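In case you want the letters, here they are:
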Amino acid sequence: MTFHAGSRAVQDRVGVRDIADHVGQAVGQGIRPVAAAFLEQQPMLVIGAADPADGAVWASLLTGGPGFVRATGPHQISVLGGVRAGDPLAAALAAEDTPVGTIALDPRTRRRMRLNGRARPTPRGFAVEAEQVFANCPKYLQRRDSYETADRPSVTPRRSSELTSEQREFIESADTFFIATVHEDGADVSHRGGNPGFVRATSPGELSWRDYPGNSMFLTLGNLSVDPRAGLLFLDWTSGAVLQLTGTARTEFDEDGERTVRFTVTAVVETPAASPLTWSAPEYSAANPTPAR
């Protein structure tokens, strides 16, 4: 894999360029049979992109019966359906050649797969031509053994420019969120996980979280170092409610080597009952650090 200057700068600052080069060898353009089989088992997919109207970056949740996401070629996935009516990424996914990042995460097996590329609309949904395909380790991923599908009525999204007290409480109780970032040539979506409290909603307009050690490629922080736009997605695994935030993020590097990301909110979209999936209670990852208070 060829890293852009932003990722290289963070790798060098942390001193992990050699590790990143080794891990990056696993990133390819092809969708292997085991990856194709994994995708077809998933009931949800997270996608990230920039809104073509204003450039705001969002992460959105798509759901469907297993098989709604599938590999339709060695370098392409197809998705049946699309985002919900009123979703911030509706226009992006209706456009041709949209840079997108996707992540398929399976809480049952604690496996996840990322596929980044270019999206185009199709008669039944959209397709993504893959440019980067890779798996991540299960670190910080909570296990949820099963899910049920509920028939939930469509609800109009609620939009605002800052977080309510209830939304801040929801964020601070989360054990998982997704972050979408962009760079000059593409987009990416990554998972972040930890014990409840690992994300802090420090005010109606700001969030912060410690950046736990990961695969050392620094795709997310690398993107943020060259383009601060980002989108966050929080999911209520029981009720199906979805909270989407867009804004900008910056990384603070401490002298002791720890990193903290601070996110400034510019817009909020909350959609009750957005997902039909009700997941079982989590078993927290043993790798999760104790959140600092």
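Residues numbered from 1 in each chain as written. Predicted model: local features only at pLDDT ≥ 70, side-chain atom pairs only at ≥ 80, totals over all residues. Heavy atoms only, no water.

When its secondary structure is counted, the chain shows six helices and 17 strands. Once the C-alpha set of the chain is aligned to its principal axes, its extents read approximately 50 × 45 × 40 Å. Here the chain holds 293 residues, and the buried ones make up 51% of them. Intrachain contacts of the chain at a sequence separation of at least 6 include 69% that bridge at least 24 residues. Carbon and sulfur atoms provide 49% of the accessible area of the chain, an area that totals close to 12600 Å². Side-chain charges of the chain comprise 29 positive and 34 negative groups, with the mean position of each set lying 3 Å from the other. (Helix = DSSP H or I, 4+ residues; strand = E, 2+ residues; numbered from the N terminus. Buried < 20%, exposed > 50% of the residue type's maximum accessible area, 1.4 Å probe, protein only. Contact = heavy atoms within 4.5 Å. Areas by Shrake-Rupley, 256 points an atom, 1.4 Å probe, with all protein chains shown as cover. Lys, Arg positive; Asp, Glu negative; His and termini not counted. Charge placed at Lys NZ, Arg CZ, Asp CG, Glu CD.)

In this section: the packing of helix H1 (residues 5-14) against helix H6 (residues 219-226). Contact geometry for H1 and H6: axes closest at 7 Å, N-to-C directions at 115 degrees. Taken together, the axis directions place H1 and H6 in an arrangement best described as roughly perpendicular. Handedness of the H1/H6 crossing: right-handed. Residues Gly6, Ser7 and Val10 of H1 pack against Leu219, Leu221, Gly222, Ser225 and Val226 of H6. In terms of residue class, the contact of H1 with H6 is built from four nonpolar, four polar and no charged. (Axes fitted to C-alpha atoms, helices over the stretch in contact; angles between N-to-C directions. Parallel < 35°, antiparallel > 145°, perpendicular 65-115°, else oblique. Left-handed = near helix turned anticlockwise from the far one by under 90°. Nonpolar A, V, L, I, M, F, W, Y, C, P; charged D, E, K, R; others polar.)

On to the pairing of strand S14 (residues 229-235). Burial analysis of S14 places six of its seven residues in the buried class, which makes it a mostly covered element. Sheet topology note: the strand S10 (residues 176-183)/S14 ladder contains four bridges and is antiparallel. Counted as the bridge partner of alanine 180 is glycine 231 from S14. In terms of strand pairing, S14 meets strand S15 (residues 242-253) through seven bridges, oriented antiparallel. Pairing of leucine 235 across the sheet is with valine 242, part of S15. Hairpin connection between S14 and S15: a loop of six residues separates the two successive antiparallel strands, and glycine 240 in this loop has a positive phi of roughly 85 degrees. (Pairing = 2+ DSSP bridges.)

Taken as a whole and judged by the stated rule, the model has seven aromatic pairs. A centroid spacing of 6.0 Å and a plane angle of 75 degrees characterise the contact between tryptophan 237 and tryptophan 279, whose relative ring orientation is edge-to-face. Of this pair, tryptophan 237 sits in the loop between S14 and S15 while tryptophan 279 is found in strand S17 (residues 277-279), placing the two residues 42 residues apart along the sequence. Taken individually, tryptophan 237 and tryptophan 279 each receive the classification buried, so the pair is uniform in this respect. Put simply, the rings of Tyr140, Phe177, Phe198, Trp209, Tyr212 and Phe234 touch in pairs and so form one group of aromatic residues. (Phe/Tyr/Trp six-rings, centres within 6.5 Å; stacked < 30°, edge-to-face > 60°.)

Read these as geometric descriptors, not functional statements.
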